[in-house]
Amino acid sequence: HVLKVPYTIFCNVEQLYERFDFSGDGTIDKYECVKLVKYVLRQRRIELAGRKNEISVPRSTMADEGYTVIKELGRGGQGVMYLCSKSMNA
């Protein structure tokens, strides 16, 4: 009530507690709590129909921005890192 959070968000708290008690020890640790809160917030966002405004994401290539790829430095779960040089004309 103090945080002005609608009751319906946590109306099934017992079910959520059991669902996110991954270790089955009857307690919710930090990891489990983070997962539970993210789930509740994601569900709430879906209920509210997602974003109200469309997000404009600019799209361009490295070449469009005047960069020349020299070599790939590495890749991972969040993308690829390149060593590039930038043309003075761009």
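Preceding this section is the structure that the text describes.
If you're wondering where the values come from, they're calculated on a predicted model, not measured in any experiment. (Residues numbered from 1 in each chain as written. Predicted model: local features only at pLDDT ≥ 70, side-chain atom pairs only at ≥ 80, totals over all residues. Heavy atoms only, no water.)

**Some points on the packing of helix α1 (residues 13-20) against helix α2 (residues 30-47)**
When two helices pack together, their arrangement is given by the angle between the helix axes and by the axis-to-axis distance. Definition in use: Angles here are taken between N-to-C directions and fall from 0 to 180 degrees, while the axes themselves are lines fitted to C-alpha atoms, restricted in helices to the stretch in contact. Starting at the N terminus, helices and strands are each numbered in turn, a helix being any DSSP run of H or I of at least four residues and a strand any DSSP run of E of at least two. An angle below 35 degrees is treated as roughly parallel, one above 145 as roughly antiparallel, one from 65 to 115 as roughly perpendicular, and anything else as oblique. For a crossing to be left-handed, the near helix must be turned anticlockwise from the far one by less than a right angle; the clockwise case is right-handed. Contact definition: two residues touch when any of their heavy atoms are within 4.5 Å.
Relative to each other, α1 and α2 sit at 130°, their axes nearing to 10 Å. By the angle class used here, α1 and α2 are oblique. Between α1 and α2 the crossing geometry is right-handed. Here Leu16, Tyr17, Arg19 and Phe20 of α1 come into contact with α2, specifically with Glu32, Lys35, Leu36, Tyr39 and Val40.

**Quick look at the pattern of salt bridges**
In plain terms, the rule: Any carboxyl oxygen of Asp or Glu that lies within 4 Å of a side-chain nitrogen of Lys or Arg is treated as forming a salt bridge with it.
If you walk through the whole model with that rule in mind, you get one salt bridge. As a salt-bridge pair, Glu72 and Arg75 come within 2.9 Å of each other at their nearest N and O atoms.

**Things to note about the pairing of strand β2 (residues 79-86)**
In summary, the side chains of a regular strand alternate between the two faces of the sheet. Keep this limit in mind: Any two strands between which DSSP finds at least two bridges are classified as paired.
Bridge analysis of strand β1 (residues 67-76) against β2 gives eight bridges, and the strand direction is antiparallel. For Glu72, the partnering residue across the bridge sits in β2 and is Tyr82. Hairpin remark: β1 followed by β2, antiparallel, with two residues in the connecting loop.

**Notes on the side chain of Asp21**
What counts is decided by this rule: A 1.4 Å probe rolled over the protein chains alone gives each residue an accessible area, and that area as a share of the maximum for its type sets the label: buried under 20%, exposed over 50%, partly exposed in between. Only four residue types enter the charge count, namely Lys and Arg as positive and Asp and Glu as negative; His and the chain termini do not. Residues adjacent in sequence count toward polar contacts only when both atoms are side-chain atoms; beyond that, a polar contact is any pair of N or O atoms within 3.5 Å, and within protein one must be able to donate a hydrogen and the other to accept it.
For Asp21, the location among the structural elements is in the loop between α1 and α2. It turns out Asp21 is buried and unbridged, and the closest side chain with the opposite charge, Arg19, is 13 Å from it. Within polar-contact distance, the side chain of Asp21 engages the backbone nitrogen of Asp25 at 3.4 Å. The contact partners of Asp21, leaving out residues within four places of it in the chain, are Gly26, Thr27, Ile28 and Glu32.

**Notes on α2**
In an α-helix there are 3.6 residues to a turn, and that puts residues three or four apart on one side. Rules: Working rule for helices: expected span equals 1.5 Å times residues minus one. Working note: the arc is built from the helix axis to C-beta atom directions.
The first and last C-alpha atoms of α2 sit 26 Å apart over 18 residues, in line with the 26 Å expected at 1.5 Å per residue. Buried residues of α2: Glu32, Leu36 and Val40, and no others. Buried residues along α2 cover an arc of 70° about the axis, so they all sit on one side. Exposed residues pointing more than 90 degrees away from the buried face of α2 are listed as Lys30, Tyr31, Leu41 and Ile46. Buried-residue contacts for α2 involve α1. If you check the start of α2, you find a side-chain oxygen 3.2 Å away from the backbone N of Tyr31, and it comes from Asp29. Remark: Ala49 follows α2 within two positions and exhibits a positive phi of approximately 75°.

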